[in-house]
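Listed below, chain by chain, are the residues.
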Amino acid sequence: MTFFKNIPSWQLPETAVTSETLYGDRRRFLKSLIGAGIGATATTLLGCQTSQAQSNDLESTFKLPEIKPLPTNPDFRRVDRPITNQTLASSYNNFYEFGGDKSIWRSAQNLPTENWKVEVTGLVKNPRTYDLDGLRKEFSLEERIYRFRCVEAWSMALPWVGFPMKDLMAAVEPTSAAKFVRFTSFYDSKITTGPGFHVGTLPWPYQEGLRLEEMANELAFFAIGIYGRELPKQHGAPIRMVLPWKYGFKGAKSIVKIEFVDQQPATYWNTLIPHEYGFMANVDPTKPHPRWSQAREKFIGNTEQFDWEIRETLPYNGYGEYVANLYA
Ligand SMILES: Nc1nc2c(c(=O)[nH]1)N[C@H]1C(S)=C(S)[C@@H](COP(=O)(O)O)O[C@H]1N2
Ligand SMILES: [Mo]
């Protein structure tokens, strides 16, 4: 396998990435990273792993109640690629609270979503705690089809159901002192047992952050559904962030707390490996990840099996007209 050595993993034909090469790579990287005290990053190399989506059980995890009526926002009715096959999208996930590989959909079913509460607090005039009914009553839901780009260089196109983050901002009214927002995911060490390595040393809970202007941008979205139905647990039920111009890790799942703050918050990946996972994390094909190119991506489309269509990565994941002015 040495002749693959200098080729980024996403350029390998999928058949060449056997579990053995993955295991070998993983061990090699784990060794080098553990030396540097950052072994947890090794899992990010597993983006090419083929996950088997063939279980009947899987379907029951995403055949949830429909959300109706559901206008599709005309601005986001279509993208330049087919919508990803739902079976593939809902069985190939990152959710490190429930495991370190792509097949966490089964263990993610342990997430307790009953009586969910989202606390919105910090530098706001109207702090609020919402339950799911409250969110659905207060905010108008719509469907948006967004490109989705993981930092590991795989991508999808997903039909989310939810509401713009700016609507929630309008409800709680951040004060002029608020400059950033911290988002916190559900964490309970008895349930979210983690990826099984570096147990006890990972910076839980998973947290993410945005600048206030980013949260106010038209694109920034809270999803409570996908494919016209309630959000499956593996996708971050009952409410998760969706930021299509940023790498996927910025979109924290299963949100329990939203805090308006005056300083840039610490975030999970940025705390773990700051030189690989920046706070901003805008999709940028010209800026390689330290360990692989970001110029292209492996698109998971509307096919029965993973066929990893190679596509050029777009600046801001194709959303420059909405967000480039934020970074001018
Ligand atoms: N709480 C939490 N949120 C998370 C993650 C995670 O491990 N924990 N993984 C992130 C990463 S790396 C990606 S690519 C997306 C994956 O979303 P999906 O599984 O719904 O496609 O979720 C993001 N949100
Ligand atoms: Mo990711």
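Structure first, text after, so check above.
This text gives an overview of the structure that appears in the document. (Residues numbered from 1 in each chain as written. Chains lettered and ligands numbered in written order. Predicted model: local features only at pLDDT ≥ 70, side-chain atom pairs only at ≥ 80, totals over all residues. Heavy atoms only, no water.)

What follows is about the overall build of the protein chain. Per the secondary structure count, the protein chain includes eight helices and 12 strands. Taking all 328 residues of the protein chain together, 55% fall into the buried category. A separation threshold of at least 6 residues defines the contact pool for the protein chain, and within that pool the share at least 24 residues apart is 75%. Carbon together with sulfur atoms contributes 50% to the accessible area of the protein chain, which is approximately 14,300 Å² in total. (Helix = DSSP H or I, 4+ residues; strand = E, 2+ residues; numbered from the N terminus. Buried < 20%, exposed > 50% of the residue type's maximum accessible area, 1.4 Å probe, protein only. Contact = heavy atoms within 4.5 Å. Areas by Shrake-Rupley, 256 points an atom, 1.4 Å probe, with all protein chains shown as cover.)

Attention shifts here to the side chain of arginine 211. Counting through the fold element by element, arginine 211 comes out in strand β6 (residues 207–211). At 3.2 Å, the side chain of arginine 211 forms a polar contact with the side chain of glutamate 213. If sequence neighbours within four positions are ignored, arginine 211 has contacts with Lys179, Phe180, Met280, Leu326 and Tyr327. (Polar contact = N/O pair within 3.5 Å; in protein donor to acceptor, adjacent residues only side chain to side chain.)

What follows covers the site of ligand 1. Tyr96, Glu97, His235, Gly251 and Lys253 are the nearest of the 17 residues found near ligand 1. One of the side-chain nitrogen or oxygen atoms of asparagine 93 is found 2.9 Å away from an oxygen atom of ligand 1. Within the side chain of histidine 235, a nitrogen or oxygen atom sits 2.8 Å from an oxygen atom of ligand 1. Here ligand 1, which alone exposes 540 Å², has 99% of that area covered by the protein. Its residues assigned to classes, the shell around ligand 1 comprises eight nonpolar, six polar and three charged. (Near = heavy atom within 4 Å. Nonpolar A, V, L, I, M, F, W, Y, C, P; charged D, E, K, R; others polar.)

What follows is about unusual backbone geometry. Look at the link from tryptophan 204 to proline 205: it is a cis peptide, with omega at 0°. For proline 205, the location among the structural elements is in the loop between β5 (180–185) and β6. A cis geometry characterises the amide bond from alanine 237 onward to proline 238, with omega recorded as -10°. Looking at the secondary structure, you find proline 238 in the loop between β8 (229–230) and β9 (240–242).

This part takes up the nonpolar core. Residues Trp160, Phe183, Met215, Phe222, Ile258 and Phe260 are the most contacted members of the largest nonpolar core, which totals 84 residues. The element that contributes the greatest number of residues to this core is strand β4 (residues 154–164), accounting for seven residues. When near neighbours in sequence (up to four residues on either side) are disregarded, phenylalanine 183 contacts Met165, Tyr206, Gln207, Glu208, Gly209, Leu210, Met215, Phe222, Met241, Ile255, Lys257 and Ile258. (Core = buried A, V, L, I, M, F, W, Y, C linked by side-chain atoms within 4.5 Å.)

Of note, leucine 132 is situated in helix α4 (residues 132–138). In the structure, leucine 132 is positioned 92 residues away from isoleucine 224 in sequence and 8.8 Å away in space, judged by C-alpha atoms. Setting aside residues up to four positions removed in sequence, leucine 132 forms contacts with Trp116 and Pro238.

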